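# Observations on chain architecture
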Amino acid sequence: MYNSKIIGLGYFVPDNVVTNDMLSEIMDTNDEWIQERTGIKERRHVIKGEDTTSTMGVKAARIAIERAGIDKDEIDFIVFATLSPDYYFPGPGVLVQRDMGIKTVGAIDIRNQCSGFVYGISLADQYIKSGMYKNVLVIGSELHSGGLDMTTRGRGVSVIFGDGAGAVVMTREEDNSKGILSTHLHSEGAHAEELSLIAPGMGKRWVLDILKDNDPDDESYFPYMNGQFVFKNAVVRFSEVIMEGLKANNLEPKDIDMLIPHQANLRISQFIQHKMRLRDDQVYNNIMKYGNTTAASIPIALTEAWEQGKIKEGDLVVLAAFGSGFTWGSAIIRW
Ligand code: UT7
């Protein structure tokens, strides 16, 4: 059995900055409310026609591959996590394979929302551990802005989410004390609809129903979140799954050099930091600049932290996520 490790990281965010004040011009919201409840100051929105979920993923992937020092033809498998795919089907993994001119390797799409990147890391880790693949490209990318209700009706959700992409290249590591030490994944479908986008789907709102009803007031096209319920579950599950990962490796919170929490809400990150008694330099947050970019938030934050020299060889890096499903997970990494 091998271990896997991250050897290249990259991210891409659109240039178009949308501040809280800009949102307050199109809906009944304000900078004070958004910052106080979420910590978000601004986010990026794609200008239609300039990018898609998959093209942002490609841009992040190109940087990650270059930094990994490998050729794209050495990629053995593609993992793409998103809740906002270019198409209903096929998923964006194959679009990356096409657009990057990667040879006809397998490409899989992950539908685990905010936890998608951690699920993706876990999947890649298993493929590499078993020896099946050597180099795996893992991408998390979201284009939320094209699907948000940008009116006062949708303000509880639409001020939170932003667009962007992050990617990593993972490869084989012969030393079992390095790289991904373990991953821990969970789900609780009992709360599936508490953070969801119902239509179009083949459950409650068929495409045929939507066409038949042609109802402009139909909210099922837009993401729904029971914010306080999600918040309460998030703080519990984040803490649990970080502790589960640490315990599995005989580690404690004080051993963490860098915790990269999924950027759901700055208040959630601060709650976890406080609960685990971590210093400011042990936790990386960038939700202030980008909002919640769902599957992209961890790889964007991980890349930024690495670029800023905050992650060094030998460091204990912990990734943790919670979101729609509910799903949650952690990855414990010796860098
Ligand atoms: O990434 C996946 C995981 N996601 C999360 O973990 C998010 C978890 N939840 C949260 O972060 C928070 O629940 C929110 C930030 C989404 C909302 O904060 P909250 O403190 O739970 O607010 P609320 O939904 O209870 O709304 C409080 C008030 C309401 O008004 P009334 O009923 O008290 O008069 C809302 O209508 O704030 C109002 N409100 C807003 N006001 C100004 C909701 N959204 C806005 C807004 N601007 N954008």
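Procedures and definitions
- Residues numbered from 1 in each chain as written.
- Predicted model: local features only at pLDDT ≥ 70, side-chain atom pairs only at ≥ 80, totals over all residues.
- Heavy atoms only, no water.
- 1 Å grid on protein atoms, 1.4 Å probe; cavity = no way out; pocket = protein on both sides within 12 Å on 5 of 7 lines; lining within 4 Å.
- Points joined across faces, edges and corners; volume = space filled by probe spheres on them.
- Nonpolar A, V, L, I, M, F, W, Y, C, P; charged D, E, K, R; others polar.
- Domains from an automatic or database assignment.
- Helix = DSSP H or I, 4+ residues; strand = E, 2+ residues; numbered from the N terminus.
- Pairing = 2+ DSSP bridges.
- Axes fitted to C-alpha atoms, helices over the stretch in contact; angles between N-to-C directions.
- Contact = heavy atoms within 4.5 Å.
- Buried < 20%, exposed > 50% of the residue type's maximum accessible area, 1.4 Å probe, protein only.
- Right-handed = clockwise from strand over helix to strand, strands pointing away.
- Salt bridge = Lys/Arg side-chain N within 4 Å of Asp/Glu carboxyl O.

### Points about the layout of surface pockets
Of the pockets and cavities examined, the largest pocket occupies roughly 1,300 Å³. Lining of the largest pocket is provided by 41 residues; of these, Leu 83, Ser 84, Pro 85, Arg 111 and Leu 197 occupy positions nearest its centre. A class-by-class count of the residues in the lining of the largest pocket yields 18 nonpolar, 17 polar and six charged. For the lining of the largest pocket, the domains that each give at least three residues are domain 1 (3–173) and domain 2 (179–334). Approximately 750 Å³ is the volume attributed to the second largest pocket. Together, 33 residues line the second largest pocket, and Gly 156, Val 157, Ile 160, Met 225 and Gly 227 are the ones closest to its centre. For the lining of the second largest pocket, the secondary-structure elements that each account for two or more residues are α2 (31–38), α6 (155–158), β10 (224–225), α8 (227–248), α9 (266–275) and β12 (316–323). Ranked by residue count, the leading element in the lining of the second largest pocket is α8, at five residues. Here the residues of the lining of the second largest pocket are counted per class, giving 17 nonpolar, eleven polar and five charged. Shared between two domains, the lining of the second largest pocket takes at least three residues from each, and those domains are domain 1 (3–173) and domain 2 (179–334).

### A short note on the sheet that holds strand β1 (residues 3–12)
Pairing is mixed across the open sheet formed by five strands, whose spatial order is β1-β7-β6-β4-β5. The open sheet is flanked by β1 and β5 (106–110), the only strands paired with a single partner. Strand-to-strand twist across the sheet, computed as the mean angle between neighbouring axes with direction ignored, equals 20°. Most of the contacts of helix α4 (residues 92–99) go to strand β4 (residues 77–81), to which it runs at about 130°, and overall it touches β4, β5 and β6 (136–142).

### Observations concerning unusual backbone geometry
Here the bond from Phe 89 into Pro 90 is cis, since omega is -5°, no more than 30 degrees from zero. With respect to the element layout, Pro 90 can be found in the loop between β4 and α4. The amide bond that connects Gly 325 to the next residue, Phe 326, takes the cis arrangement and shows omega of -15°. Inspection of the secondary structure puts Phe 326 in the loop between β12 and β13 (327–334). For Gln 113, which is not glycine, the phi torsion reads 50° and is therefore positive. When you line up the elements, Gln 113 lands in the loop between β5 and α5 (116–130).

### Some details on the pairing of β4
β4 sits mainly inside the fold: five of its five residues count as buried. Residues Phe 77, Val 79 and Ala 81 point to one face of β4 and Ile 78 and Phe 80 to the other, with burial holding for every one of them. As judged from the five bridges shared by β4 and β5, these two strands associate in the parallel manner. Within β5, the position partnered with Phe 77 by the bridge is Gly 106. In the classification by handedness, the crossover that spans β4, the intervening α4 and the parallel β5 is right-handed. Relative to β6, β4 is paired through five bridges, and the arrangement is parallel.

### Quick look at the pattern of salt bridges
Side-chain pairs of opposite charge can arise where the charged atoms are in close proximity. As enumerated under the stated definition, the model contains 17 salt bridges in all. Its salt-bridge partner being Asp 73, residue Lys 72 comes within 3.6 Å of it at the nearest N-O pair. The class of Lys 72 is partly exposed, set by a relative accessible area of 29%. Classification of Asp 73 by relative accessible area gives partly exposed; the value is 37%. Put simply, Arg 205 and Asp 218 hold a salt bridge, and the shortest N to O gap is 2.5 Å. With Arg 205 in the loop between β9 (195–196) and α7 (207–213) and Asp 218 in the loop between α7 and β10, the pair connects residues that are 13 residues apart, well separated along the chain. With respect to class, Arg 205 is no different from Asp 218; both count as buried.

So yeah, pure geometry; function would need other evidence.
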